[in-house]
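Here are the chains, one letter per residue:
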Amino acid sequence: MSIEHRDDTGARFGMWLFLYTEVILFSGLFILYAVSLAKYPHQFAEASHKLNIYFGSINTLVLLTSSLTIALAITAIQRNQIKPTLILCGVTVGLGALFMVNKYFEWSMEISHGIYPGSEHLAEMGNGITTFFNLYYFTAGLHGLHVVLGGSLIAVVAVLVAKGKVTAERYTLLENSALYWHLVDLVWIFLFPLYYLIL
Amino acid sequence: MSDSTLANSGFYSEGPRSGILGWLLSTDHKRIGIMYLSCIVAMFLVAVGLGLAIRLELIAPGQDIMGPQTYNATFTVHGIIMIFLFVIPSIPAAFGNLVLPIQIGARDVSFPKVNLLSWYCYIIGGLLAAIAVFSGGAPDTGWTFYVPFSTQTSTNVSLAAFGAFMLGMSSILTGINFVTTIHRLRAEGMTWGRLPLLVWTLYATAWIQILATPMLGITLLLVILERFFGAGLFDAARGGDPILYQHLFWIYSHPAVYIMILPGMGVISEIIPVFSRKPLFGYWAMALSSLAIAFAGSLVWAHHMYASGMSDFAILVFSLLTFIVAIPSAIKIFNWVSTLYKGSIELAPPMLYALAFIFNFAIGGLGGLALGAAASDIHLHDTTFVVGHFHYTMFGGTGFAFFAALHYWLPKFTGRMYNHKIAFIAWGLLFVGFNVTYMAMQAVGIQGMPRRYYDYLPEFHTLNLVATVGSWVLALGLALMFINLWRGIRSGRPIKKNPWGGATLEWQIPSPPPMENFGEEDPVVTSGPYEFKGVTADEY
């Protein structure tokens, strides 16, 4: 068998590189947003006002809280407190789920108003507004996919914590999952003002 | 230990599992490298077959062997396979995995499991592309998936695009792995100034893979979403912008051509000093010019779009930036030639391929300047000159570097040497066939023959005929080369550690290398990669 080789710094380094690729992935959509905003400033403002700011604000609070709980989970595992670690991971996953439920109601409402990519109602509203909602759905959809992936990742790591595979001595896996979760949070921090607030 | 027979089968006989699972579940960088190599060569042969079919269709005006729809599908699939399944992973994924950890004195890459995952992403991507070809109409958009056609055609674009997305994932994971490995796992004494040039170029490549590939990912996802929802993000009639697609696509795909060529340059930089018995001329210039190419190459994407209706000012800026890339590229060419100067040159097969690389790449690079200048590009845009130029850099460049790497490192990893005489003949056929094919293609392009048409005007007949005959010579050379290599692997003479007299670390361990590369003790490096004093080649 191979000789035990472990490089926590290397693992973190690799995770940061991976997070960078995620930033670039989303940046493609942000570029589209910037270009379209320059082209249709008034339509973007009009479309932005159609979004329900309460849904967005609650989701922002939910995600920020979940970032806090996962950060606390790392402190807990560093102090070898297994039970609090598990609870905090559970709360994080739960808040992620809450975010998705909230999103489900928000999107259902908008779809029931006939606002979704490719809908006739949206096409009637005119060019810039269509672009705004297309980008809104694609960006938030991709972000939602990342919430699901990040939540699943944390759930898996929580199982490993329970099994004693992730411990106070080797918790890089939990730390990297938390980094991923923070990235998901960070993307939302940009997404929320761009679509709900500033226009 | 006796090195004269192949009693030592190295990593082929070691490992926790035996049989096919020993390969499919292996996290050993050498096994993964061999798996990549086998798949990549298989994909290459398929795409060569398609390329020959394209040339055969163009042998005479009118319909010869296929109709327009089949022709469109053929060049699309040829492009997708060659770009995403052969050229991009060719040297980084196959030889990077095989050689890089050994060259820096490591036991493996930083993330062996991720390395295996990247191979599976490659396989899944390849399978999806294959399914796209054989079910519901092969994609006919060209490998660039340009909108609006790619969002409207009824062929299987979504699946092919998702296949390319998976291949991008594979490429990203390899890039992350290599950057981390080079930062974290260098052996004691392996300073940045002692890194072999292949490692430097793979490092630059890995950064482009990390920085640029996600952009392709999001672009392809958008194409797929457009096809499903018909949202119209790239549809001018609904307020979208098709030019934006081209920008997004080339932000990745232009840097990607440096993903394709840089590792090839690294291979050449390894081979030329060894067969000149001289240190590489201008080590730091070579190392830093790799990074400079990676950096400058990320800023030139819109030179693919001079004819797209972009503003004149943008054309001017991108034309200037494009010319800047020529500087580090020329530094490399001049330094290789300076390394040869007054060297004790041995024309072994790897060296012949390396010299052919310099010749071909110089022509391809100069053709690139003709395309980078906006004025001449307006004339040459979308002609077969572009196709010829691209093949001069990608086939004459990366392809020949890949063949050079095969002739240089396969003996190391199989423990056996191929027949040199046949290798010479195959090289001659390849070199002549290649130049006849693509020089004719460039010439007919200057005369105005457009690319991507299955039919053409009668005045282009002669040069097209020449190109098609050239492609047969090329195919013959390829066949001979692969048969020779295959026979070498099966029954060639066994070799010792260092058949070429290389000074890098891989030549100091047995052929084929053992499981953990260096045994119990990690190596300590005390000299640079091209210090040949006291290094001699073993007889074989």
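Cut-offs applied
Residues numbered from 1 in each chain as written. Chains lettered and ligands numbered in written order. Predicted model: local features only at pLDDT ≥ 70, side-chain atom pairs only at ≥ 80, totals over all residues. Helix = DSSP H or I, 4+ residues; strand = E, 2+ residues; numbered from the N terminus. Buried ≥ 20, exposed ≤ 12 C-beta atoms within 10 Å, placed from the backbone. Contact = placed C-beta atoms within 7 Å. Rg over C-alpha atoms; globule rule 2.2 N^0.38 Å. Axes fitted to C-alpha atoms, helices over the stretch in contact; angles between N-to-C directions. Parallel < 35°, antiparallel > 145°, perpendicular 65-115°, else oblique. Left-handed = near helix turned anticlockwise from the far one by under 90°. Nonpolar A, V, L, I, M, F, W, Y, C, P; charged D, E, K, R; others polar. pLDDT = per-residue confidence, 0-100. Expected span 1.5 Å × (residues − 1). Core = buried A, V, L, I, M, F, W, Y, C linked by C-beta atoms within 7 Å.

A.B. asks: Which parts of the structure should I look at to understand the overall build of chain A?
C.D. replies: When its secondary structure is counted, chain A shows seven helices and zero strands. Each helix (α) and strand (β) of chain A, taken in turn from the N terminus, gives the series α-α-α-α-α-α-α. Principal-axis analysis of the C-alpha atoms places the extent of chain A at approximately 65 × 30 × 30 Å. The proportion of buried residues among the 199 residues of chain A is 37%. Considering only contacts in chain A between residues 6 or more positions apart, those separated by 24 or more positions represent 77%.

A.B. asks: Got a minute to help me understand the overall build of chain B in this structure?
C.D. replies: Looking only at helices and strands, chain B features 15 helices and two strands. In terms of overall dimensions, chain B is globule-like: its C-alpha atoms have a radius of gyration of 23 Å, near the 24 Å expected for 540 residues. Expressed along its principal axes, the backbone C-alpha trace of chain B runs to roughly 70 × 45 × 45 Å. Per-residue burial over chain B gives 57% buried out of 540 residues.

A.B. asks: Is there a simple way to think about the environment of proline 523 of chain B in this case?
C.D. replies: Summarising the element assignment, proline 523 of chain B is placed in the segment after β2 (493-494). Since 19 C-beta atoms lie within 10 Å of it, proline 523 of chain B is described here as partly exposed.

A.B. asks: Can you help me understand the packing of helix α4 (residues 112-134) of chain B against helix α6 (residues 157-184) of chain B in this one?
C.D. replies: Working note: a packed helix pair is described by the angle between its axes plus the distance between those axes. All names here are of chain B. Where α4 contacts α6, the axes come no closer than 8 Å and their chain directions differ by 165°. As judged from the angle between their axes, α4 and α6 are roughly antiparallel. The crossing of α4 and α6 is left-handed. In this structure, α4 contributes Val114, Asn115, Leu117, Ser118, Cys121, Tyr122, Ile124, Gly125, Leu128, Ala129, Ile131 and Ala132 to the contact, and α6 contributes Leu159, Ala160, Phe162, Gly163, Ala164, Met166, Leu167, Met169, Ser170, Leu173, Thr174 and Asn177. Classifying every residue of the contact of α4 with α6 by side-chain character gives 17 nonpolar, seven polar and no charged.

A.B. asks: I would appreciate a short explanation of the packing of helix α3 (residues 68-103) of chain B against α4 of chain B in the present structure.
C.D. replies: All names here are of chain B. Where α3 meets α4, the axes come as close as 12 Å, and the angle between the chain directions of the two elements is 165°. With respect to α4, the element α3 is oriented roughly antiparallel. Of the two elements, α3 crosses α4, and the hand of that crossing is left-handed. Across from Val77, Ile80, Leu85, Pro89 and Asn97 in α3, the residues of α4 making contact are Asn115, Tyr122, Gly126, Ala129 and Val133. The residue makeup of the contact of α3 with α4, split by class, is seven nonpolar, three polar and no charged.

A.B. asks: Looking at this structure, how should I read the interface of chain B and chain A?
C.D. replies: Note: interface size is frequently given as the accessible area lost on complex formation between the parts. Every contact between the two is made by 30 residues of chain B and, on the other side, 29 residues of chain A. Sorting the residues of the side of chain B that touches chain A by element identifies α6, α7 (197-229) and α8 (242-276) of chain B as the ones contributing at least two each. It is α7 of chain B that contributes the most residues to the side of chain B that touches chain A, 10 residues altogether. Split into classes, the residues belonging to the side of chain B that touches chain A amount to 17 nonpolar, nine polar and four charged.

A.B. asks: I'm lost on the confidence of the model for chain B in this one. Help?
C.D. replies: Do not read the predicted coordinates in detail wherever pLDDT is low. Taken residue by residue, chain B gives an average pLDDT of 92. The fraction at 70 or more is 99%. Scored as a complex, the prediction yields pTM 0.94 and ipTM 0.92.

A.B. asks: How do you make sense of helix α11 (residues 349-372) of chain B when you look at a structure like this?
C.D. replies: Helical periodicity: at 3.6 residues per turn, an α-helix aligns residues three or four positions apart in one direction. The end-to-end C-alpha distance of α11 of chain B is 34 Å, a good match for the 34 Å that 24 residues give at a rise of 1.5 Å each. Counting buried positions along α11 of chain B yields 18 of 24 residues, so the element is predominantly enclosed.

A.B. asks: When you look at the nonpolar core in this model, what are you seeing that I'm missing?
C.D. replies: For soluble globular proteins, the rule of thumb is that nonpolar side chains tend to be buried together. By size, the foremost hydrophobic cluster in this structure holds 221 residues, and its most contacted members are Tyr203, Ile268, Ile271, Ala404 and Ala405 of chain B. Once residues lying within four places of it in the same chain are set aside, the contact partners of tyrosine 203 of chain B are Phe178, Val179 and Ile182 of chain B.

A.B. asks: Got a minute to help me understand the environment of valine 161 of chain A in this structure?
C.D. replies: All names here are of chain A. With respect to the helices and strands, the residue valine 161 is situated in helix α6 (residues 127-162). Residue valine 161 is classed as buried on the basis of its 22 C-beta neighbours within 10 Å. If sequence neighbours within four positions are ignored, valine 161 has contacts with Ile77, Ile82, Thr85, Leu86, Val166 and Leu174.

A.B. asks: Please explain unusual backbone geometry as it appears in this structure.
C.D. replies: Negative phi characterises most residues that are not glycine, and trans characterises most peptide bonds. Residues and elements named next belong to chain B. Cis geometry marks the peptide bond from valine 147 to proline 148; its omega dihedral reads 0°. Residue position: proline 148 is located in the loop between α4 and α5 (149-152). The residue after serine 511, namely proline 512, is reached through a cis peptide bond having omega -10°. Residue position: proline 512 is located in the segment after β2. For lysine 342, which is not glycine, the phi torsion reads 60° and is therefore positive.

A.B. asks: Teacher, can you tell me more about the environment of aspartate 522 of chain B here?
C.D. replies: Residue and element names in this part refer to chain B. Inspection of the secondary structure assignment puts aspartate 522 in the segment after β2. The exposure class assigned to aspartate 522 is partly exposed, which follows from the 14 C-beta atoms found within 10 Å. Counting along the chain gives 256 residues from aspartate 522 to glycine 266, while the straight-line C-alpha distance between them is 25 Å. If sequence neighbours within four positions are ignored, aspartate 522 has contacts with Gly105, Ala187 and Glu188.

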